[in-house]
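Below, each chain spelled out in residue letters.
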Amino acid sequence: MIESLLVANRGEIARRIVRTARRLGIRTIAVHSDTDADLPFVLEADEAVCIGPANPAQSYRNADAILAAAKSTGAQAIHPGYGFLSENPDFARTVVSNGLVWVGPGADAISAMGDKINARNLMAAAGVPVAPGSSDPAATVEEARGAAELIGYPVMVKASAGGGGMGMAVANDDAELHKEFEKVRTFAERMFGDGSVLIERYFPRVRHVEVQILGLADGRVIALSERECSVQRRNQKLVEEAPSPAVSPELRERLLAAAVKAGEAVNYRNAGTVECLLDPATGDFFFLEMNTRLQVEHPITEIIHGIDLVEEQLRIASGMPSSVDLGKTSGHAIELRINAEDPKRFFPGPGRITTWVEPSGEGVRVDSGYTEGTTVSQNYDSLMAKLIVFGTDRQDAIEKARAAVAGFAIAGPKNNLPFFAELLENPEFLSGDYDTGIVSRMR
């Protein structure tokens, strides 16, 4: 097993990785910006190194500073968490070339799946279902219009290098396509340094379902259970549950088989997620993208499988066998992303936390990045904590989620707890028959 680990991230995911590593007897090193010095992940690590100011480009995205911290502390391995440099193939290669262990997939797999058009073509060749769409990037609006005519409106205009719900727009006709194409192309060039645009069929009513995979040290790829991720605002997830209330045993078998094919197509190692769109009208599903890292919502898979996915990542990176029993699942888990944001319009609302009281009890888990007296900075994502509940079935999990939301007290920054209280009484959500439009219908 790895003996020392530098966590190249911040907040709740850094704290969560530190917790598992320390349980395994691994020495932990936190890197942090100057504004994050008092956050729990820094205080709980065995060592901590300040790597720059609040601006992520000068700290958490500063590969040279992170590698210097690893060298100065004698770290053996680097875990990137999610976001920042986690899906940067150049950083992964640099870590390995410096003689360190990279706790994640190989750089080639990250690169192959980081471009949506390339990933889509790879999946189609591997026999994974893909939605109707272009196999080449649209360089001009005329090329985009030609693709849309073949696919049929409405279409989704997507940044090929995008991710996390960013760089996406819907066009219902030629006029909208012209406007949205230019917006997405400009945004993609500014944010990702790549203006390539993909045109795909848009499904007005669709569910977002994903499968957790593990590429094992022995070369095999295994698929765990699926997660439902359809409660979203601005194409970004707010709530996840496992298993999905929309997936039958027969559909689950097909989803998991497709996810294994996806991983095998790129010789995948370590943890990853194959994201799909599910058409509830037909039961058909289509490959959306592969996230070549640990997902925010990984705890709900951990709970129903009775495993620790960070431990599995460390075992794989150390060349050790997996401890996962694929036949073992039980109950139902739900995750609510507690964000510092307005619960109506979901605009960020950072600030100093004056009250922070987490709920507790049987079946309740909180993965938090903050405590009372700390500050949610405008420089980073608004996620403050993940509230995870586990029940014997979906109804039991919902009842525990209601009680946990009521028992979570936060004052200072704005937060979306009132939204979750509303969602957990919403008839559409309670029925389990919902789609990615549920939040917009609530607003």
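Because the structure is a prediction, the values reported are computed rather than measured. (Residues numbered from 1 in each chain as written. Predicted model: local features only at pLDDT ≥ 70, side-chain atom pairs only at ≥ 80, totals over all residues. Heavy atoms only, no water.)

Peer 1: It is not clear to me how the overall build of the chain should be interpreted in this structure. Could you clarify?
Peer 2: Secondary structure summary: the chain contains 15 helices and 20 strands in total. Taking the principal axes of the C-alpha coordinates as reference, the chain spans close to 60 × 50 × 45 Å. Sorting the 443 residues of the chain into buried and exposed places 56% on the buried side. In the chain, 65% of the contacts between residues at least 6 apart in sequence involve partners at least 24 apart. Of the roughly 16800 Å² that the chain leaves accessible, carbon and sulfur atoms contribute 50%. The centroid of the 45 positive side-chain charges in the chain is displaced by 2 Å from the centroid of its 60 negative side-chain charges. (Helix = DSSP H or I, 4+ residues; strand = E, 2+ residues; numbered from the N terminus. Buried < 20%, exposed > 50% of the residue type's maximum accessible area, 1.4 Å probe, protein only. Contact = heavy atoms within 4.5 Å. Areas by Shrake-Rupley, 256 points an atom, 1.4 Å probe, with all protein chains shown as cover. Lys, Arg positive; Asp, Glu negative; His and termini not counted. Charge placed at Lys NZ, Arg CZ, Asp CG, Glu CD.)

Peer 1: Whenever I open this one, helix 12 (residues 394–406) confuses me. Can you help?
Peer 2: Along an α-helix, residues three or four apart share an orientation, since each turn contains 3.6 residues. Spanning 13 residues, helix 12 covers 18 Å between terminal C-alpha atoms, matching the ideal 18 Å at 1.5 Å per step. Within helix 12, burial applies to R394, D396, A397, I398, A401, A404 and V405. Summarising the contacts, the buried residues of helix 12 are in contact with strand 11 (236–242), strand 14 (332–339), strand 17 (364–368), strand 19 (383–391), helix 13 (417–423) and helix 14 (427–431). Its side-chain oxygen placed 3.3 Å from the backbone nitrogen of Q395, D393 serves as the N-cap of helix 12. (Expected span 1.5 Å × (residues − 1). Polar contact = N/O pair within 3.5 Å; in protein donor to acceptor, adjacent residues only side chain to side chain.)

Peer 1: I tried to follow the packing of aromatic side chains on my own but got confused; where do I start?
Peer 2: The geometry of two aromatic rings is summed up by the distance between their centres and the angle between their planes. In the structure shown here, the tally under the stated rule is nine aromatic pairs. Between F187 and F192, the ring centres sit 5.9 Å apart and the planes meet at 80°, which makes this aromatic pair edge-to-face. By relative accessible area, which is 25% here, F192 ends up partly exposed. Each ring, one from F429 and one from Y434, has its centre 5.2 Å from the other, and the planes form 40°; the classification is tilted. On the basis of relative accessibility, which here comes to 3%, the residue Y434 falls in the buried class. Cluster of aromatic residues (ring-pair linked, three or more members): Y60, F84 and Y380. Cation over ring: R207 sits above Y434, and NZ or CZ is 4.7 Å from the ring centre. Over the face of the ring belonging to F429 we find R394, whose NZ or CZ atom lies 4.8 Å from the ring centre. (Phe/Tyr/Trp six-rings, centres within 6.5 Å; stacked < 30°, edge-to-face > 60°. Lys NZ or Arg CZ within 6 Å of the ring centre and 35° of its normal.)

Peer 1: Would you mind going over the pattern of salt bridges with me for this structure?
Peer 2: Side chains carrying opposite charge are able to pair once their charged atoms draw close together. Summed over all chains, the structure comprises 40 salt bridges. A salt bridge links E241 to R394; the shortest N-O distance between them is 2.7 Å. With E241 in strand 11 and R394 in helix 12, the pair connects residues that are 153 residues apart, well separated along the chain. We note that E241, like R394, is buried. (Salt bridge = Lys/Arg side-chain N within 4 Å of Asp/Glu carboxyl O.)

Peer 1: Hey, could you run me through the environment of T354 in this one?
Peer 2: Tracing the backbone through its elements, the reader meets T354 in the loop between strand 15 (351–352) and strand 16 (355–357). In this structure the C-alpha to C-alpha distance between T354 and L417, which are 63 residues apart in sequence, comes to 16 Å. With sequence-adjacent residues up to four places away left out, T354 is seen in contact with E372, A411 and G412.

Peer 1: What exactly am I supposed to notice about helix 4 (residues 89–97) here?
Peer 2: Taken together, the buried positions of helix 4 are P89, F91, A92 and V95. One side of helix 4 carries all its buried residues, which in axial view fall inside an arc of 160°. Residues of helix 4 that are exposed and point over 90 degrees away from its buried face: D90 and S97. Against helix 3 (63–73), strand 4 (77–79), strand 5 (101–102) and helix 5 (107–114) lie the buried residues of helix 4. (Arc of directions from axis to C-beta.)

Peer 1: Sorry if this is basic, but what is going on with the pairing of strand 8 (residues 197–201) here?
Peer 2: In summary, the side chains of a regular strand alternate between the two faces of the sheet. Burial runs high along strand 8: four of the five residues are buried. Strand direction decides the pairing type here: strand 6 (residues 155–159) and strand 8, joined by five bridges, are antiparallel. Across the sheet, residue A159 finds its bridge partner in strand 8, namely V197. (Pairing = 2+ DSSP bridges.)

Peer 1: What's the story with the state of the cysteines in this structure? I'm lost.
Peer 2: Two cysteines form a disulfide when their sulfur atoms are joined by a covalent bond. In the structure shown here, the tally under the stated rule is zero disulfides. With no disulfide of its own, C229 lies closest to C276 among cysteine sulfurs, the gap being 11 Å. Judged by its relative accessible area of 0%, C229 falls in the buried class. (Disulfide = S-S within 2.5 Å.)

Peer 1: Where do I start with the sheet that holds strand 7 (residues 168–171) in this structure?
Peer 2: Paired through backbone hydrogen bonds, the strands of a sheet run either parallel or antiparallel to each other. Spatially, three strands are ordered 7-6-8 in an open sheet, and the strand pairing comes out antiparallel. A strand with exactly one partner marks an edge of an open sheet, and here the two such strands are strand 7 and strand 8. Within the sheet, the average angular offset between the axes of one strand and its neighbour, ignoring direction, is 25°. The strands touched by helix 6 (residues 116–126) within the sheet are strand 6 and strand 8, with strand 8 carrying the most contacts at an inclination of about 50°. Helix-sheet contacts for helix 7 (residues 141–151) involve strand 6 and strand 8, and the interaxial angle to strand 8 is about 15°. (Axes fitted to C-alpha atoms, helices over the stretch in contact; angles between N-to-C directions.)

Peer 1: Help me understand the packing of helix 4 against helix 5 in this model?
Peer 2: The description of two packed helices rests on the angle between their axes and on the distance between the axes. For the pair helix 4 and helix 5, interaxial distance at closest approach is 8 Å and the crossing angle is 175°. One finds that helix 4 runs roughly antiparallel with respect to helix 5. Between helix 4 and helix 5, the residues in contact are P89, A92 and R93 and A107, D108, I110 and S111, respectively. Its residues assigned to classes, the contact of helix 4 with helix 5 comprises four nonpolar, one polar and two charged. (Parallel < 35°, antiparallel > 145°, perpendicular 65-115°, else oblique. Nonpolar A, V, L, I, M, F, W, Y, C, P; charged D, E, K, R; others polar.)

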